[in-house]
Amino acid sequence: MATTVFQQALGTLESHSCLSSSGFRHECGSASVRLISKDFKVDIALMRRGNYCSKKRSFSLIQASTSQTTVFDPVSSPLHKTANDSKKKPSEAALILIRHGESMWNEKNLFTGCVDVPLTKKGVEEAIEAGKRISNIPIDLIYTSALIRAQMTAMLAMTQHRRKKVPIIQHEENEQARAWSQIFSEETNKQCIPVLTAWQLNERMYGELQGLNKQETADKYGKAKVQEWRRSYDIPPPNGESLEMCAERAVAYFQEHIEPQLQSGKNVMIAAHGNSLRSIIMYLDKLTSQEVISLELSTGIPMLYIFKEGSFIRRGSPVAPTEAGVYAYTKRLAQYRQRLDEMLQ
Ligand SMILES: O=C(O)[C@H](O)COP(=O)(O)O
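Residues numbered from 1 in each chain as written. Predicted model: local features only at pLDDT ≥ 70, side-chain atom pairs only at ≥ 80, totals over all residues. Heavy atoms only, no water.

In the nomenclature of an unreviewed UniProt entry, the protein is known as phosphoglycerate mutase (2,3-diphosphoglycerate-dependent) of Coffea canephora. Here is the UniProt Sequence similarities (unreviewed entry) comment for the protein, exactly as written: "Belongs to the phosphoglycerate mutase family. BPG-dependent PGAM subfamily." (UniProt positions renumbered as here; feature names shortened; annotations may be inferred.)

Here is the structure:
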């Protein structure tokens with residue numbers, strides 16, 4: 001019984017929590033920003049607060065199935081929303097971005113793009129390590145690309161989460177898939193995290209470079225040409241997508257589907273790819289098309305943002321689950337971790 005009450009409290013905290021403005025300012029200090037920039041591998045010249053004020057958007061929360069018998073609606077679930085909560089404006093939400101762990105084609109140094117390649121053993125280990133780093137951060141919803149390397153990363157990371165909720169892939173490809181994957185226990189629903197897959201979060205389509213060796217391609221076409229294909233903003237590789245084209249669909253998806261969830265107080269993890277995440281970070285940090293060129297993301301390193309009052313505040317990459325700095329980020333995250341500690345004693 002005590003556990004149930006606690007879990008309800010934790011559930012409320014997972015979705016709606018308050019933060020004093022003084023704590024917030026303190027936590028946004030330059031020391032944090034420096035640590036974050038190191039992990040993001042962003043050129044020092046790019047370091048800045050990166051706050052983004054989004055337009056106020058009407059909430060377009062995850063649509064529950066059209067079927068009346070659908071039970072799985074994380075948004076209206078009592079775990080996430082109470083009568084009192086509907087009057088409150090959620091003050092902040094956590095956003096975790098994670099590039100997939102090393103894939104079998106990363107290992108072979110092949111252009112991968114939208115080819116659906118799984119993780120290597122090292123990639124599996126990176127995903128597990130990433131999961132440890134975020135094991136105390138609340139997660140209400142997970143978004144992944146349609147590609148297995150991002151999905152493996154999300155699932156493996158969640159094996160490490162201390163809350164022990166179960167990530168469940170939402171099958172919405174057709175009515176039957178939706179109907180056949182229903183869950184009929186409200187209690188079980190409360191212990192699940194919906195995982196939404198979207199092709200818009202896929203790696204950029206690398207066109208006729210897909211499957212080619214990166215070094216051999218540079219030897220053949222010249223280092224400068226290949227660097228232009230890989231890192232320019234608006235020059236696509238032959239018959240592929242430029243970063244700009246990739247950003248168009250990835251950022252549109254983020255704005256339409258993910259940002260409203262953050263606005264409603266949901267804590268979100270996105271497992272995706274080097275270039276789809278570079279596009280999203282460009283949007284979150286308001287990077288210019290020049291600045292994004294030098295943004296490099298390592299495989300399997302989680303990056304944390306706090307969404308508060310329409311702004312994204314970059315908080316960096318949690319170094320280890322026990323590192324004090326991670327939990328000093330916001331009062332709300334510290335409270336969440338404290339409750340986890342109490343629950344798991
Ligand atoms: O698709 C690929 O080959 C990689 O995931 C990203 O490659 P890049 O670093 O060359 O953009």
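(A) Quick peek at the confidence of the model for the protein. Residues at a pLDDT of 70 or more form 71% of the protein, whose mean pLDDT is 79. Low pLDDT, under 50, characterises residues 1-6; the predicted model gives this stretch four contacts beyond four residues in sequence or across chains. Contacts of residues 16-83 to residues separated by more than four positions or lying in other chains number 153 contacts, the stretch itself having pLDDT below 50. Under the prediction, the complex receives an ipTM of 0.97, its pTM being 0.79. (pLDDT = per-residue confidence, 0-100. Contact = heavy atoms within 4.5 Å.)

(B) Up close: the nonpolar core. Residues Leu95, Phe254 and Ile270 are the most contacted members of the largest nonpolar core, which totals 34 residues. Of all the secondary-structure elements, those providing two or more residues to this core are β1 (92-99), β2 (141-144), α11 (243-263), β5 (268-272), α12 (274-284) and β6 (302-308). Ranked by the residues each element gives to this core, the list is headed by α11, at eight residues. Excluding anything up to four places from it in sequence, leucine 95 contacts Phe254, Leu262, Val268, Ile270, Leu284, Met303, Leu304, Tyr305 and Phe312. Ala94, Met269, Tyr329 and Leu333 belong to the second largest nonpolar core, which has 18 residues in total. (Core = buried A, V, L, I, M, F, W, Y, C linked by side-chain atoms within 4.5 Å. Buried < 20%, exposed > 50% of the residue type's maximum accessible area, 1.4 Å probe, protein only. Helix = DSSP H or I, 4+ residues; strand = E, 2+ residues; numbered from the N terminus.)

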